[in-house]
Amino acid sequence: MLTSFELDAKPGHTRLIVGGADVSNTVASAVVEVGGPGTVPQVTVTQHAGAAAITGEGVVTVVRAPDDEAVGTAVVEFLESIDPSALVPMVEARFTSLSSSPVALTLDVLIGIAREVAGG
């Protein structure tokens, strides 16, 4: 069974109803993917932090921005996954003079590794 939705996107009076419940005040954004003939529309709803849950049945995806603790945990897990014996040669290869800051170079290398992991 699919969940019904109604989106009224009038400027200054946006309203979103999902499964009969008005969730307009808890939603930061909504994306409706209509698709082609024979497909089912999909609604992705991004809630404000701390907003009430949206319940129902069907193809509705709720996306919440991570809180500070979740971001911090992810950063710590990423840093712990780096092998220091692999990081040191990468930093040393870029350390070309005493005027360079080893801390800045290390941070630059870590940012490069993070970009690679993120696919960018």
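For the rest of this paragraph, the subject is the pattern of salt bridges. Taken as a whole, this structure holds two salt bridges when the rule is applied. Notably, a salt bridge pairs Glu6 with Arg15, separated by 2.7 Å at the nearest N-O pair. Assessed through its relative accessible area of 39%, Glu6 is described here as partly exposed. The exposure class assigned to Arg15 is partly exposed, which follows from its relative accessible area of 29%. Where Lys10 meets Asp8, a salt bridge forms, and the shortest distance between an N and an O atom there is 3.6 Å.

The two faces of strand β5 (residues 42-47) differ: Val43, Val45 and Gln47 on one face are buried, but Gln42, Thr44 and Thr46 on the other face are not. The sheet contact formed by strand β4 (residues 27-33) and β5 spans six bridges and is antiparallel. Counterpart to Val27 in the pairing with β5 is Gln47.

One open sheet holds the three strands; their spatial order is β1-β2-β3, and the pairing between them is antiparallel. The sheet is open, and its two edges are formed by β1 (5-10) and β3 (21-22), each paired on a single side. As paired elements, strand β2 (residues 13-18) and β3 share two bridges and run antiparallel to each other. Pairing of Ile17 across the sheet is with Asp22, part of β3.

On to the nonpolar core. Within the largest apolar cluster, seven residues are counted, these being Ile82, Leu87, Val91, Leu105, Val109, Leu110 and Ile113. Examining the composition of this core, we find that four residues originate from one element, helix α3 (residues 102-117), more than from any other. Setting aside chain neighbours within four positions, we find Leu110 in contact with Phe78, Leu79, Ile82 and Leu87. Membership of the second largest hydrophobic core comes to six residues, among which are Leu16, Val18, Val27 and Val43.

A word on the side chain of Asp8. With respect to the helices, strands and loops of the structure, Asp8 is situated in strand β1. There is a polar contact of 3.3 Å between the side chain of Asp8 and the backbone nitrogen of Lys10. When sequence neighbours within four positions are dropped, the list of residues in contact with Asp8 reads His13, Thr14 and Arg15.

What follows covers the confidence of the model for the chain. Detailed reading of the predicted coordinates is not advisable wherever pLDDT is low. Averaged over all residues, the pLDDT of the chain equals 78, while 82% of them reach at least 70. The secondary-structure element of the chain with the lowest mean pLDDT is strand β6 (residues 60-64), recorded at 63, while β3 shows the highest, at 86.

Here we take up a nonpolar patch on the surface. Taken together, the side chains of Phe5, Leu7, Val32 and Val34 present a nonpolar region at the surface, about 310 Å² in accessible area. Relative to the helices and strands, Phe5 resides in strand β1.

Rules behind the numbers
- Residues numbered from 1 in each chain as written.
- Predicted model: local features only at pLDDT ≥ 70, side-chain atom pairs only at ≥ 80, totals over all residues.
- Heavy atoms only, no water.
- Salt bridge = Lys/Arg side-chain N within 4 Å of Asp/Glu carboxyl O.
- Buried < 20%, exposed > 50% of the residue type's maximum accessible area, 1.4 Å probe, protein only.
- Helix = DSSP H or I, 4+ residues; strand = E, 2+ residues; numbered from the N terminus.
- Pairing = 2+ DSSP bridges.
- Core = buried A, V, L, I, M, F, W, Y, C linked by side-chain atoms within 4.5 Å.
- Contact = heavy atoms within 4.5 Å.
- Polar contact = N/O pair within 3.5 Å; in protein donor to acceptor, adjacent residues only side chain to side chain.
- pLDDT = per-residue confidence, 0-100.
- Patch = residues over 30% accessible without salt bridge, like charges linked within 9 Å, V, L, I, M, F, W, Y side chains within 5 Å.
- Areas by Shrake-Rupley, 256 points an atom, 1.4 Å probe, with all protein chains shown as cover.

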